[in-house]
Amino acid sequence: MILVTGATGNIGTPLLSQLHRHGARPLRGLTRDAGRAATAFPAGVEAVAADLARTDSLKPALDGVRALFLVSRLGDDAAILAAAREAGVEHVVLVSSVTVETHPHLPAAVDNATTERLLKDSGMAWTILRPTQFTSNTLWWAPAIRAHQPVRVPYADIGLPAVHPSDIASVARLALTEPGHQGQTYALTGPARITPREQAAAIGAALGRDVPLAEISRAEAHTGMAAFLGAEQADAVLDLMGGDVNDALRAVRDTVPRLTGAPALPFHRWATEHADAFRP
Ligand SMILES: NC(=O)c1ccc[n+]([C@@H]2O[C@H](COP(=O)([O-])OP(=O)(O)OC[C@H]3O[C@@H](n4cnc5c(N)ncnc54)[C@H](OP(=O)(O)O)[C@@H]3O)[C@@H](O)[C@H]2O)c1
């Protein structure tokens, strides 16, 4: 049994589809809302309702599971890993972050590094995925674009190699189902650096109209983000968007094509697939 956490999310959705399409069985998807799973998951995928923040709810979800796809930081990762080990899970594919390598001082990277270490010390086999920023982060812009307002972003001309969540899913599927990936740590990026200005243009091309962009200061962006994320997390996100980027964060990695045999998916592909999210 393979259990996919974050199963309704950016990675989990394509991962369950890919696993199902490639014949991986049995499959279970974890969501806090099993009612929603009935329509979200491919036919034949078992839905289980559990909350990763409540480890006591995980026992039924982990029953019979041998391979676990774990999205980090949705609950107490130490407790989740202990529950997985107790349930007899043999292999965990963990979504961590490239910031463990590029920005190890940031709070989220410290958390992810701790989880990686716990997993390595757990006695279970492991594969660690360290993606860079996701193409799907531009969904933050959807309300403005739907309202025909300019996208307001700082660092509009700083390019980073945003990764399509389907490519993360492709690597996760291989790690969950094929030999040779245990004990590996994979940094995952898209095929090329792309700036926010170019991302807005690509979304505009997918919509068939101009998507205007207004560059704002870090201070203005911080005010808006801190309301949702808190001041410290907003600072970290702004550093990663452009305030403190380094060569390691800017580097295009060959991991996706090397492992999947296909080129990493470009931003315009994600924009075309998700154009409806930006339509009124
Ligand atoms: N975004 C980036 O740029 C970036 C970069 C590097 C690493 N990462 C890492 O990537 C991961 C996020 O992956 P993603 O984008 O696929 O996730 P996501 O789409 O943001 O969310 C995944 C799913 O998690 C579920 N969830 C949330 N809280 C939960 C809880 N308490 N218990 C159980 N399920 C819960 C939600 O499903 P339900 O509502 O159905 O329960 C949600 O659909 C995180 O570990 C993040 O640190 C992200």
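Residues numbered from 1 in each chain as written. Predicted model: local features only at pLDDT ≥ 70, side-chain atom pairs only at ≥ 80, totals over all residues. Heavy atoms only, no water.

- In the nomenclature of an unreviewed UniProt entry, the protein corresponds to NAD-dependent epimerase/dehydratase family protein from the organism Streptomyces paludis.

## Some remarks on empty space enclosed by the protein
Working step 1: Applying the stated criterion across every chain yields a total of one cavity of 30 Å³ or more.
Working step 2: Of the volumes computed, that of the largest cavity is approximately 40 Å³.
Working step 3: In the lining of the largest cavity, the residues fall into eight nonpolar, one polar and no charged. (1 Å grid on protein atoms, 1.4 Å probe; cavity = no way out; pocket = protein on both sides within 12 Å on 5 of 7 lines; lining within 4 Å. Points joined across faces, edges and corners; volume = space filled by probe spheres on them. Nonpolar A, V, L, I, M, F, W, Y, C, P; charged D, E, K, R; others polar.)

## Concerning the UniProt feature "domain: NAD(P)-binding" (unreviewed entry) in the protein
Working step 1: If you check UniProt for "domain: NAD(P)-binding" (unreviewed entry), the listed places come out as residues 6–137 in our numbering.
Working step 2: Helix makes up 38% of residues 6–137 and strand 20%, whereas the separation of the span's terminal C-alpha atoms amounts to 16 Å. (UniProt positions renumbered as here; feature names shortened; annotations may be inferred. Helix = DSSP H or I, 4+ residues; strand = E, 2+ residues; numbered from the N terminus.)

## Here we look at helix 9 (residues 196–207)
Working step 1: Over its 12 residues, helix 9 extends 16 Å from the first C-alpha to the last, a length consistent with the 16 Å expected when each residue adds 1.5 Å.
Working step 2: Where helix 9 is concerned, the buried positions are Pro 196, Gln 199, Ala 200, Ala 202, Ile 203, Gly 204 and Leu 207.
Working step 3: If you follow the buried residues of helix 9, they end up packed against helix 7 (142–146), strand 7 (151–153), strand 9 (213–215) and helix 14 (267–273).
Working step 4: Downstream of helix 9 by a residue or two, Gly 208 has a phi angle that is positive, lying close to 75°. (Expected span 1.5 Å × (residues − 1). Buried < 20%, exposed > 50% of the residue type's maximum accessible area, 1.4 Å probe, protein only. Contact = heavy atoms within 4.5 Å.)

## A short note on the pairing of strand 5 (residues 91–95)
Working step 1: Strand 5 sits mainly inside the fold: five of its five residues count as buried.
Working step 2: Here strand 4 (residues 67–71) pairs with strand 5 via five bridges, running parallel. Bridge pairing in strand 5 links Leu 70 to Leu 94.
Working step 3: Following the backbone out of strand 4, through helix 4 (residues 77–87) and into the adjacent parallel strand 5, one traces a crossover that is right-handed.
Working step 4: Bridge count between strand 5 and strand 6 (residues 125–131): five bridges; the pairing is parallel. The residue of strand 6 that forms the bridge with Val 95 is Leu 129. (Pairing = 2+ DSSP bridges. Right-handed = clockwise from strand over helix to strand, strands pointing away.)

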